[in-house]
Amino acid sequence: MTHTFSFNHIALSVKDVDESVQFYQNVLQLKEIENTASNSETRWLSLNEGKQLHLIPRPNSEIKINKAVHFALSTSNLDALITNLKRLNIEFFDWKDNPNTIYVRKDGIKQIYFKDPNGYWIEINNDVK
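Let me sum up the structure you'll find in this document. Sequence order as written defines the numbering, with residues in each chain counted from 1. For this predicted model, a pLDDT threshold of at least 70 governs which residues receive local features, and a threshold of 80 or more governs which side-chain atom pairs are given and counted, while totals over whole chains, interfaces and linings are taken from all residues. Hydrogens and water are ignored here; the side-chain numbers use all heavy atoms of the structure.

**A short note on the pattern of salt bridges**
Put simply, a salt bridge is a Lys or Arg side-chain nitrogen that is within 4 Å of an Asp or Glu carboxyl oxygen. Using the criterion set out here, one finds 5 salt bridges in the structure. In this structure, Arg43 and Asp18 form a salt bridge, with 2.5 Å as the shortest nitrogen-oxygen distance. Here the residue Arg43 occupies a position in strand 3 (residues 43-46), and Asp18 occupies one in helix 1 (residues 17-28), the gap between them amounting to 25 residues. Given the relative accessible area of 22%, Arg43 is considered partly exposed. Residue Asp127 is joined to Arg105 by a salt bridge in which the shortest nitrogen-to-oxygen separation is 4.0 Å. Here Asp127 is found in the segment after strand 8 (121-125), whereas its partner Arg105 is found in the loop between strand 6 (103-104) and strand 7 (110-115), with 22 residues between them in sequence. Think of it in three bands: with a 1.4 Å probe and only protein chains considered, a residue is buried below 20% of the maximum accessible area for its type, exposed above 50%, and partly exposed in between. A relative accessible area of 25% places Arg105 in the partly exposed class. The helix count covers DSSP runs of H or I at least four residues long, the strand count covers runs of E at least two residues long, and both are numbered beginning at the N terminus.

Here's what the structure looks like:
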């Protein structure tokens, strides 16, 4: 039997769930949605198209991350996002760790990377089709 999969959600362990929700709302304008799975303190944000970001409070857990561990979102207005990052004093990087630099991939797609309050890397690119 062949299985067909579709992406549902990404879940991140976070030190302070309120701080993380505020970050994703301010930086990416993600809207909070109801956690329909449980009455826990885990909070859900919409990534649109039925996809979700789940922020799971783990205040006593160690979070180890490098840039290869990231999630990527695409936007048709990368310039506006960069303007918002600068307004919020959030430094962004290209893949080679050059600060405030846009990386252009071999296929012409532009991308940047920045960290959330827990150190998770987020890629934003303009790969919208």
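**Focus on the sheet that holds strand 1 (residues 9-14)**
Note: two strands are recorded as paired if DSSP finds a minimum of 2 bridges between them. Ordered by their spatial adjacency, 4 strands build an open sheet running 1-4-3-2, and the pairing between neighbours is mixed. Strand pairing shows two members of the sheet lacking a second neighbour, strand 1 and strand 2 (32-33), which therefore form its edges. The pairing of strand 3 with strand 4 (residues 52-57) spans 4 bridges and is classified as antiparallel. Residue pairing for strand 4: Arg43 is matched across the bridge by Leu55.

**Regarding the pairing of strand 7**
Pairing of strand 6 with strand 7 involves 2 bridges; the strand directions are antiparallel. When the sheet's bridge partners are listed, Tyr103 is paired in strand 7 with Gln111. Count of turn residues in the strand 6/strand 7 antiparallel hairpin: 5 residues, of which Gly108 carries a positive phi of about 90 degrees. For strand 7 and strand 8, the ladder comprises 5 bridges, and the chain directions are antiparallel. By the bridge assignment for strand 8, Phe114 is matched with Ile122. Counting the residues in the hairpin turn of strand 7 and strand 8 gives 5 residues, including Gly119, whose phi is positive at 95 degrees.

**Observations regarding the nonpolar core**
Soluble globular proteins tend to bury their nonpolar side chains together. Counting residues in each nonpolar core, the largest one holds 25 residues, and the members touching the most others are Tyr24, Leu55, Ile112 and Phe114. Sorting the residues of this core by element identifies strand 1, helix 1, strand 4, helix 2 (78-87), strand 7 and strand 8 as the ones contributing at least two each. Per-element accounting of this core gives the leading share, 6 residues, to helix 1. Those residues in contact with Ile112 that lie beyond four places of it in its chain are Leu78, Leu81, Ile82, Leu85, Phe92, Phe93, Thr101, Ile102, Ile122, Glu123 and Ile124. The nonpolar core is taken to be a set of buried Ala, Val, Leu, Ile, Met, Phe, Trp, Tyr and Cys residues, with the residues joined through side-chain atoms within 4.5 Å. For this analysis, residues touch if any pair of their heavy atoms sits within 4.5 Å.

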